Amino acid sequence: MSARGGLDVVIVSYRCRALLRDCLVSLRDFPPQRPINIHVVDNASADGTVKMVRDEFPEVRLHASGTNLGFSAANNLAIREGSHQYVLALNPDTRVTQGAFDSLLELMDEHPEIGICGCKLVREDGSLDHAAKRSFPTPLSALGHFTGTARRSGRLAGYLAPEVERGQVDAVNGAFMLMRRRALQEVGFFDEGYWMYMEDLDLCYRFARAGWVTWYEPSVAVVHAKWGSSGKHRRPHLNFAFHYGMYRFYRTHYAPGRRWTTNVLVYFGICVKFAGSVVASGLRRRLLAARNLSPRT
């Protein structure tokens, strides 16, 4: 296979037709200077997404699922159908920018040790999405992140990898994960035991264990309209998926090497956080609904 391999872009959509359209337009406007195939797996949106893609983007390879497969399984379906040297898992609430693909693909061409590459994620208002790069979680860094007490440095801030400005990092965000197909075939695809959330962290962890480098490249920026598909305030089933992902990651990668008492405390903490998140999200949704229904003055 040539050094300048092609790219399979994989997008999983669910009830985000307008965002997906903007994403696909950006891919059409700023393609790489090499072969590209775009795959969209729609998870039974039933909102006109499938028709929109068929009518407006005939070049896209569309798989219209009759059920919601979840993020991991839907990505894997399209990854298996692809054949190019590189694979990009891309969220539908992103928009790529001019030259982004060429810069990152050239970086991976030149550094065969890189298995996964991520870039800077910028929100609609121009602010930085700090979740673009991460360290593998520890109890202290998770506590700092989820309680909002993390500082710019130190063990409480470790989850966001503040010490890495550019270069090798533990993990990048699943909103934009450029992957080497050969590494995926060696390590395995997304773990389908994660329905949604934490599957990106799990894949980066498995890549690291297998000796592959995950790289963060901030010279390339992609727009990320965060929470575009799931919403900012998670509903109970998404809250469950998020916290189950935390549990599954810990149980799979950390628990076997730790004392049972530590594991019990961690599992208890996840349960407490899940309960608190369900209550808090429900209250925020009710407050938002009340504001929308209140008469305007």
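Please refer to the structure higher up on the page.
Residues numbered from 1 in each chain as written. Predicted model: local features only at pLDDT ≥ 70, side-chain atom pairs only at ≥ 80, totals over all residues. Heavy atoms only, no water.

Q: Which parts of the structure should I look at to understand the packing of helix H1 (residues 17–29) against helix H2 (residues 49–56)?
A: Put simply, H1 and H2 touch, their axes get as near as 10 Å, and they point 25° apart. Our classification of the angle between H1 and H2 gives roughly parallel. Once H1 is placed against H2, the crossing between them reads as right-handed. Contacts between H1 and H2 involve Arg17, Leu20, Arg21, Leu24 and Arg28 from the first element and Thr49, Met52, Val53 and Glu56 from the second. Taken together, the residues of the contact of H1 with H2 sort by class into four nonpolar, one polar and four charged. (Axes fitted to C-alpha atoms, helices over the stretch in contact; angles between N-to-C directions. Helix = DSSP H or I, 4+ residues; strand = E, 2+ residues; numbered from the N terminus. Parallel < 35°, antiparallel > 145°, perpendicular 65-115°, else oblique. Left-handed = near helix turned anticlockwise from the far one by under 90°. Contact = heavy atoms within 4.5 Å. Nonpolar A, V, L, I, M, F, W, Y, C, P; charged D, E, K, R; others polar.)

Q: Where do I start with the pairing of strand S2 (residues 36–43) in this structure?
A: Along a regular strand, successive side chains alternate from one face of the sheet to the other. For S2, a buried count of seven out of eight residues is recorded, marking the element as mostly surrounded by other parts of the structure. As paired elements, strand S1 (residues 7–13) and S2 share seven bridges and run parallel to each other. Among the inter-strand pairings, Val12 is bridged to a residue of S2, identified as Val41. In this region the chain leaves S1, passes through H1 and returns to the parallel neighbour S2; the handedness of that crossover is right-handed. For S2 and strand S3 (residues 61–65), the ladder comprises five bridges, and the chain directions are parallel. Looking at the pairing, Val40 lines up with Leu62 of S3. In the classification by handedness, the crossover that spans S2, the intervening H2 and the parallel S3 is right-handed. (Buried < 20%, exposed > 50% of the residue type's maximum accessible area, 1.4 Å probe, protein only. Pairing = 2+ DSSP bridges. Right-handed = clockwise from strand over helix to strand, strands pointing away.)

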